[in-house]
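# Fold and contact review
Next come the chains, spelled out residue by residue.
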Amino acid sequence: MPGIESLIRSEADGTISFGDYSLNTKSKLQDFEHAGDLYKIKTFYEITKLERNGSFVYESVPGTAVQHFAEGSDEVTFTVGGYRDSQITVQMEADTEYEVFVEGTSIGHIKTNMSGKLAFSVSLNDGAVSQVKIVRQ
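A short tour of the structure in this document, coming up. Every chain begins its residue count from 1, and numbering advances along the sequence as written. Under the rules for a predicted model, residues below a pLDDT of 70 receive no local features and side-chain atom pairs below 80 are neither given nor counted, while totals for whole chains, interfaces and linings still include all residues. Working from all heavy atoms in the structure, the side-chain values ignore hydrogens and water.

What makes two strands pair is DSSP finding at least two bridges between them. Each helix corresponds to a stretch of at least 4 residues labelled H or I by DSSP, and each strand to a stretch of at least 2 residues labelled E; elements are numbered beginning at the N terminus. Strand order in the open sheet formed by six strands is β3-β4-β5-β6-β9-β12, and the pairing between neighbours is antiparallel. Single-partner strands in this sheet number two, and they are β3 (27–34) and β12 (117–122). On average, each strand axis in the sheet is inclined to that of its neighbour by 15°, with strand direction left out of account. Taken together, the six bridges between strand β9 (residues 86–91) and β12 define a ladder with antiparallel strand orientation. Opposite Q87, over in β12, you have S121 as the bridge partner. To obtain an axis, a line is fitted to C-alpha atoms, over the contacting stretch when the element is a helix, and the angle between two such axes runs from 0 to 180 degrees between their N-to-C directions.

Structure (structure tokens):
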């Protein structure tokens, strides 16, 4: 799972996939339209960052590839791959508690800060992927 062709794409199930951690130089694509929103992706081996309509959505350090990213009113789900352990930050509702699951196992309850950012780590190895689910409590 080195990366998403064209850096970002719409999936048949209504989700999006984005990022390419195998790139040696920063690549970006902006004004990608999906479900009436405009997305901007910046990605390479050091970082992957996604914005929607000019607002932060997702960031990982180092870079990752994300498949089937879906946001609902009470949860966010996606599959993530990378070449090593990654710190992931996702925009959620401010000052709210969420439970984070990686591969079906809870890694704990995390409360977002005043700006709504939720940060957690995922253990990754090159070629492997992990399923992530974030659920409002």
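Now, onward.
What follows is about the pattern of salt bridges. Each salt bridge in this description consists of a side-chain nitrogen of Lys or Arg and a carboxyl oxygen of Asp or Glu lying within 4 Å of one another. Taken as a whole and judged by the stated rule, the model has seven salt bridges. Two residues, R9 and E11, come together in a salt bridge whose shortest N-O distance is 2.6 Å. Classification of E11 by relative accessible area gives buried; the value is 16%. Several salt bridges converge on common partners, so that one network encompasses D74, E93 and R136. The rule is simple: take the accessible area with a 1.4 Å probe, protein chains only, and divide by the maximum for that residue type; under 20% is buried, over 50% is exposed, in between is partly exposed.

A few words on the environment of D13. Take D13: it is sitting in the loop between β1 (3–10) and β2 (16–20). D13 sits 55 residues away from H68 along the chain, and the two C-alpha atoms are 8.1 Å apart. At 3.0 Å, the side chain of D13 forms a polar contact with the side chain of H68. Under this definition, polar contacts are N or O atom pairs within 3.5 Å; protein pairs additionally need one hydrogen-donor-capable and one acceptor-capable atom, and for neighbouring residues in sequence, both atoms have to be side-chain atoms.

The next thing to look at is unusual backbone geometry. Following V61, the chain continues to P62 via a peptide bond in cis, the omega torsion being -5°. In this fold, P62 is placed in the loop between β6 (55–61) and β7 (65–71). In this structure, D31 takes a positive phi of about 60° despite not being glycine. Residues other than glycine seldom take positive phi values, yet H68 does so here, at roughly 55°. Positionally, H68 belongs in strand β7. Residue classification places H68 among the partly exposed positions, given a relative accessible area of 34%.

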